[in-house]
Amino acid sequence: MKKAQTELAEQKKVKVHAKKVLDKANKELIKVQATVQDKQAKLKELQDQFGNYVGDDEELADTKKGLTEAQTKLTQAQKNQADAQKDYDKAQADYETKVTQNKEAKEALAEFVTQEQEKKVDNV
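Treat the numbers as computed from the prediction; the structure is a model and nothing was measured. (Residues numbered from 1 in each chain as written. Predicted model: local features only at pLDDT ≥ 70, side-chain atom pairs only at ≥ 80, totals over all residues. Heavy atoms only, no water.)

Enquirer: Lay out the overall build of the chain with the relevant residues and their values.
Expert: A count of helical and extended segments in the chain gives 2 helices and 0 strands. A globule of 124 residues ought to have a C-alpha radius of gyration of about 14 Å, yet the chain, at 29 Å, is considerably larger. Dimensions along the principal axes, computed over C-alpha positions, put the chain at roughly 105 × 20 × 15 Å. The 124 residues of the chain split such that 21% are buried. Surface exposure of the chain reaches about 9,500 Å², of which carbon and sulfur atoms provide 52%. A gap of 5 Å separates the mean positions of the 24 positive and 24 negative side-chain charges of the chain. (Helix = DSSP H or I, 4+ residues; strand = E, 2+ residues; numbered from the N terminus. Rg over C-alpha atoms; globule rule 2.2 N^0.38 Å. Buried < 20%, exposed > 50% of the residue type's maximum accessible area, 1.4 Å probe, protein only. Areas by Shrake-Rupley, 256 points an atom, 1.4 Å probe, with all protein chains shown as cover. Lys, Arg positive; Asp, Glu negative; His and termini not counted. Charge placed at Lys NZ, Arg CZ, Asp CG, Glu CD.)

What follows is the structure, encoded as structure tokens:
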């Protein structure tokens, strides 16, 4: 019984850690999404101005490069978030399994104790 409780406590720690990783990945994803939106807005602004100005090719190219880099970071952040979600889901499932096993062990122990008490009463 003590082993089951220890395993349950360990699973809970794993679940809590996975939740922290997931939360961090979600925050990073939001931050990177905002960066991509900013880069897209800057690119749109430059493209709108491009018709009015000559010689902005370098700034436009830099902005496109920045957008590409931001989109790459967004893709990686999305992958990290998906991985963190998968790890959290697994930790949650493992935790729930341990809770169920712990409950079953308690029930089995209670049944065993009851049977032993009945045997003692019968033997008296």
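Once you've had a look at it, read on.
Enquirer: Can you break down the pattern of salt bridges residue by residue, with the values?
Expert: A side chain with one charge can pair with a side chain of the opposite charge if their charged atoms come near. One pass over the structure, following the stated rule, counts 6 salt bridges. A salt bridge links E10 to K13; the shortest N-O distance between them is 3.6 Å. In this pair, E10 and K13 both sit in helix 1 (residues 2-50), 3 residues apart, roughly one turn of the helix. Accessibility expressed as a relative area gives 42% for E10, which makes it partly exposed. (Salt bridge = Lys/Arg side-chain N within 4 Å of Asp/Glu carboxyl O.)

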